[in-house]
Amino acid sequence: MAIEIPRELLPVDGRFGCGPSKIRPEQVTALAAVGTSLLGTSHRQAPVKNLVRSVREGLADLFRLPDDYEIILGNGGSTAFWDAAAFGLIENRAQNLVSGEFGGKFAKAAAAPWLQAPDVRSAEPGSRAEAEIVDGVDVYAWPHNETSTGVASPISRVAADGALTVIDATSAAGGIDFDVTETDVYYFAAQKNLGSDGGLWFAAVSPAAIERIERIAASGRYIPEFLSLKNAVDNSRLEQTLNTPALTTLHLLDSQLQWINGNGGLAWAAARTSGSSQELYRWAEASAVATPFVTAAADRSPVVATIDFDESVDAAAVAKTLRANGIVDTEPYRRLGRNQLRIATFVSIEPDDVRQLIRSIDYVLEHQGA
Ligand SMILES: *Cc1c(COP(=O)(O)O)cnc(C)c1O
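What counts and what doesn't
Residues numbered from 1 in each chain as written. Predicted model: local features only at pLDDT ≥ 70, side-chain atom pairs only at ≥ 80, totals over all residues. Heavy atoms only, no water. Axes fitted to C-alpha atoms, helices over the stretch in contact; angles between N-to-C directions. Helix = DSSP H or I, 4+ residues; strand = E, 2+ residues; numbered from the N terminus. Left-handed = near helix turned anticlockwise from the far one by under 90°. Contact = heavy atoms within 4.5 Å. Nonpolar A, V, L, I, M, F, W, Y, C, P; charged D, E, K, R; others polar. Parallel < 35°, antiparallel > 145°, perpendicular 65-115°, else oblique. Near = heavy atom within 4 Å. Polar contact = N/O pair within 3.5 Å; in protein donor to acceptor, adjacent residues only side chain to side chain. Areas by Shrake-Rupley, 256 points an atom, 1.4 Å probe, with all protein chains shown as cover. 1 Å grid on protein atoms, 1.4 Å probe; cavity = no way out; pocket = protein on both sides within 12 Å on 5 of 7 lines; lining within 4 Å. Sits in = over half its atoms within 2 Å of the grid points. Domains from an automatic or database assignment. Buried area = accessible area lost by both parts, 1.4 Å probe. Salt bridge = Lys/Arg side-chain N within 4 Å of Asp/Glu carboxyl O. Core = buried A, V, L, I, M, F, W, Y, C linked by side-chain atoms within 4.5 Å. Buried < 20%, exposed > 50% of the residue type's maximum accessible area, 1.4 Å probe, protein only. Points joined across faces, edges and corners; volume = space filled by probe spheres on them.

Let's talk about the packing of helix 3 (residues 77-88) against helix 4 (residues 101-109)
Where helix 3 contacts helix 4, the two axes come as close as 9 Å, and the packing angle between them is 35°. As for how helix 3 packs across helix 4, the hand of that crossing is right-handed. Of the residues in helix 4, those in contact with Trp82, Asp83, Ala85 and Ala86 of helix 3 are Phe102, Lys105, Phe106 and Ala109. Classifying every residue of the contact of helix 3 with helix 4 by side-chain character gives 6 nonpolar, no polar and 2 charged.

This is the structure we're talking about:
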């Protein structure tokens, strides 16, 4: 018979997925309130342009953006940004740090035929690679948080003359504190820690990155219009996108930014996510059957906790039981192939709900096979 977790052990909200991830009910209520005014109106008119402005200002506040950095955006999510970067940001060659799925996907995009083959630095999943200055590399790229493995990497500029430090922050943005001046491009989509929906990419860009984008755009290289970063810069300055953006994504993001910034910004968000993830790591370290997948404690992600189980536990069966009880998306990244649970501790997820999740997992472990 299926295990039924007692109600008093269940989290209030059962969404622990790493993307798309929990959207707070208050955001959905706020979205419904503009259901007949904003939704279904032209993205070339004031209401939508004001929303784009508000999102860009909210992100600038969140990242404590220096005056000479800007927020740009475009359609297609982070995956589209990788191709846009291959066309319009990498001049000759990228160095890509890879220790999981997402770092690897940018490395593939950077292997475009008009560029030199990227310098790929691989590390075993669960660990991380280090950047190393190499002659001829003009973009150094790695994920702030490798969502597929739960490894977080420090953000510090690679001090190579004229090179750009380009960070995939898709699951980190708004959940891990960092110094934006240590990056040239900090790009992300909004359906993870930022508790919105998919479809758009955003990037905080430095003056050096803008200069690079403009120089490559003027170089005569063929760049499809949809993937043109120059186009994105020009449109973003006008609070627009080249083609129609998802208005719901923008609205949900805007309310999330107001919520985070109103509560104390990135420092508050980072304290909250790291408190939640530490509960999970401490629980796993104390457990007889579980252990944090990432062995180096300093590399353990504050926003995506990956917990391995020994062979006495079938983690897939645990995830299935949790799902039957309304606790969803705790399965590991599909291609990692481990006996594991992967749990988002994004800022939207209540720390109390993480504690209840732990109680629920304990209950399932006690009753599994009984
Ligand atoms: C989810 C994710 C992506 C892909 O984002 P899309 O918007 O779906 O393209 C890229 N990088 C990281 C680190 C991610 O977690």
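A word on the packing of helix 1 (residues 25-33) against helix 7 (residues 247-263)
Where helix 1 contacts helix 7, the two axes come as close as 9 Å, and the packing angle between them is 125°. With respect to helix 7, the axis of helix 1 lies oblique. Judged by the twist between their axes, the crossing of helix 1 over helix 7 is right-handed. Side by side, helix 1 and helix 7 meet where Gln27, Val28, Ala30 and Leu31 of the first sit next to Thr248, His251, Leu252, Ser255 and Gln256 of the second.

With respect to the site of the ligand
In the vicinity of the ligand lie 13 residues, with Thr79, Thr147, Asp168, Gln191 and Lys192 positioned nearest. One nitrogen or oxygen atom from the main chain of Ser78 is found 3.2 Å from an oxygen atom belonging to the ligand. The fraction of the free accessible surface of the ligand (390 Å²) that becomes covered by protein chains is 87%. Under a 2 Å grid-point criterion requiring more than half of the atoms, the pocket assigned to the ligand is the largest pocket. The residue inventory of the shell around the ligand, partitioned by class, reads 3 nonpolar, 8 polar and 2 charged.

Details of the domain arrangement of the protein
Along its sequence, the protein is organised into domain 1 (14-23 + 264-367) and domain 2 (36-262). With centres defined by C-alpha atoms, the gap from domain 1 to domain 2 works out at 27 Å. Taken together, the contact pairs 33 residues of domain 1 with 33 residues of domain 2. Three residues, Leu266, Asp299 and Tyr333, lead the burial of domain 1 against domain 2; their summed loss comes to 25% of the area buried on that side. Run the count over domain 1 and domain 2 and you get 2 salt bridges. A salt bridge links Glu101 to Arg335; the shortest N-O distance between them is 2.6 Å. On the surface where domain 1 and domain 2 come into contact, there are 15 residue pairs in polar contact (both at pLDDT 80 or more). Residue assignment for the side of domain 1 that touches domain 2 shows that the elements contributing at least two residues are helix 8 (265-286) and strand 11 (304-309).

Topic: the nonpolar core
With 82 residues, the main nonpolar core has Phe63, Tyr186 and Phe202 as its most contacted residues. In terms of domain composition, this core takes at least three residues from each of domain 1 (14-23 + 264-367) and domain 2 (36-262).

Some points on empty space enclosed by the protein
A probe matching the size of a water molecule, rolled over the atoms, marks out where space remains unfilled. Tallied over the entire structure, the rule returns 4 cavities of 30 Å³ or more. When its volume is computed, the largest cavity comes out at roughly 130 Å³. Surrounding the largest cavity, 16 residues form its lining, Gly74, Asn75, Phe226, Ala232 and Leu242 being those nearest its centre. For the lining of the largest cavity, the secondary-structure elements that each account for two or more residues are strand 1 (70-75), helix 3 and helix 6 (229-237). The class makeup of the residues in the lining of the largest cavity is 8 nonpolar, 7 polar and 1 charged. A volume near 70 Å³ is recorded for the second largest cavity. Around the second largest cavity, the lining residues are Leu97, Val98, Ser99, Arg128, Ala129, Trp142, Pro143, Glu146, Val151 and Ser153. Those elements that place two or more of their residues in the lining of the second largest cavity are strand 2 (94-98) and strand 4 (139-143). Residue composition of the lining of the second largest cavity, by class: 6 nonpolar, 2 polar and 2 charged.

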